[in-house]
Amino acid sequence: MSQTTSRRRSRASAGLPPITADKIIEAATELTAVHGLDGWSIRQISTKLDVWPGVVAHHVGDREAVVMGVVDRVISRIPVPDRQLPWREWFSALMIEGRGVLRGYPGVARRMVVVGPNVPAALQTIDTGINVLLAAGFGEQSTLIYRYLLNSAFMLVAVEDDRANFPTARVDMHRAMAAFADDQARPGLAAAGAEALSQVRDPAELAQEELRFFRFTVERSLDGAEAMLTGH
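Here the structure is a predicted model, which means the values were calculated and not measured.

Definitions and cut-offs
All chains use their own residue numbering, which begins from 1 and follows the written sequence. A pLDDT threshold of at least 70 governs which residues receive local features in this predicted model, and a stricter bar of 80 or more applies before side-chain atom pairs are shown or counted, although totals over entire chains, interfaces and linings include all residues. No hydrogens and no water enter the side-chain calculation; it runs on all heavy atoms of the structure. Definition of nonpolar core: a set of buried residues of the types Ala, Val, Leu, Ile, Met, Phe, Trp, Tyr and Cys, connected through side-chain atoms within 4.5 Å. Only protein chains enter the accessibility calculation, which uses a 1.4 Å probe; a residue is then buried when its area is under 20% of its type maximum, exposed when over 50%, and partly exposed in between. Segments assigned H or I by DSSP are reported as helices when at least four residues long, segments assigned E as strands when at least two residues long, and all are numbered from the N terminus. In this analysis, two residues are considered to be in contact whenever any of their non-hydrogen atoms come within 4.5 Å of each other. By definition, a salt bridge exists where a carboxyl oxygen of Asp or Glu is found within 4 Å of a side-chain nitrogen of Lys or Arg. Ring pairs shown here join Phe, Tyr and Trp side chains whose ring centres sit within 6.5 Å, with only the six-membered ring taken for Trp; geometry is labelled stacked below 30 degrees between planes, edge-to-face above 60, and tilted in between. Note on criteria: charge over ring means Lys NZ or Arg CZ within 6 Å of the ring centre, with the direction from the centre no more than 35 degrees off the ring normal.

A. Up close: the nonpolar core. Ranked by internal contacts, the top residues of the largest apolar core, which has 53 residues, are I45, F91 and L102. With 9 residues, the top contributor of residues to this core is helix α9 (residues 142-164). When near neighbours in sequence (up to four residues on either side) are disregarded, I45 contacts I24, A27, A28, L31, W40, V56 and V66.

B. Representation of the pattern of salt bridges. Tallied over the entire structure, the rule returns 16 salt bridges. As a salt-bridge pair, E30 and K48 come within 3.1 Å of each other at their nearest N and O atoms. Highlighted residues: E30 in helix α2 (residues 21-35) and K48 in helix α3 (residues 42-49), separated in sequence by 18 residues. With relative accessibility at 39%, the residue E30 sits in the partly exposed group. Judged by relative accessible area, K48 falls into the partly exposed class, the value being 42%. A salt bridge links R103 to D161; the shortest N-O distance between them is 2.7 Å. Of this pair, R103 sits in the loop between α6 (87-102) and α7 (108-115) while D161 sits in helix α9, placing them 58 residues apart in sequence. On the basis of relative accessibility, which here comes to 26%, the residue R103 falls in the partly exposed class.

C. Main features of the packing of aromatic side chains. On inspection of all chains with the given rule, the structure shows 4 aromatic pairs. With centroids separated by 5.9 Å and ring planes inclined at 70°, the aromatic side chains of F91 and Y146 adopt a geometry described as edge-to-face. Of the two residues, F91 sits in helix α6 while Y146 sits in helix α9, which places them 55 residues apart along the sequence. Residue classification places Y146 among the buried positions, given a relative accessible area of 9%. Their ring planes at 20° and their centres at 6.4 Å tell us that F213 and F216 sit as a pair that is stacked. With F213 and F216 both in helix α12 (residues 203-230) and 3 residues apart, the pair spans about one turn of that helix. Among the residues examined, F213 registers a relative accessible area of 47% and is labelled partly exposed. Three or more aromatic residues joined by ring pairs make a cluster, and in this case those are W90, F91 and Y146. Here the basic side chain of R99 rests over the ring of F214, its NZ or CZ set 5.5 Å away from the ring centre.

Now the structure itself:
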């Protein structure tokens, strides 16, 4: 009798529910929330579920298959706005609410930008978003604008995820820029230095600063798209 068979029988005899692909993906999603998409192993999943690693492969596949399952699950949690909304409101809601979901699962934003349509849960959003742009009059540029808006927003989320791996990065950056605050020979650096001196250091306030910058990026991206629509 194989160890896997023994473990399956012991789960049944203990009254435990059977292992399914859904349970495996959910366990990996929970691990992603804690460790990031690149921070867990198949063995950690099997330990969490009290099964042999081969059970994960049997139900889902290799680690890449599990990763794609996690990405699909997280994207499915991003609300798709009502398609009757005006196009700017639709994309603003999608990107801001999307950030709220994605920041809870580090690494998923970067993978989503890379794989996009390969994730089934993304298809409804893509279809609805492009249709919203078509209805707004963007015509043949609708697909390009969709990519521009979503990539701009969610790559910024990916950078936020990456920065979290370097906890001193923002403070170090502020310190480096602040050193130029009185540099009269280089007014551009002096302006950046003055801004760095004025910025907050408290972690909670820094989180709000990141959100403000994200909203700024979203609005300026939408301005750029609107300029293409109006010809200005």
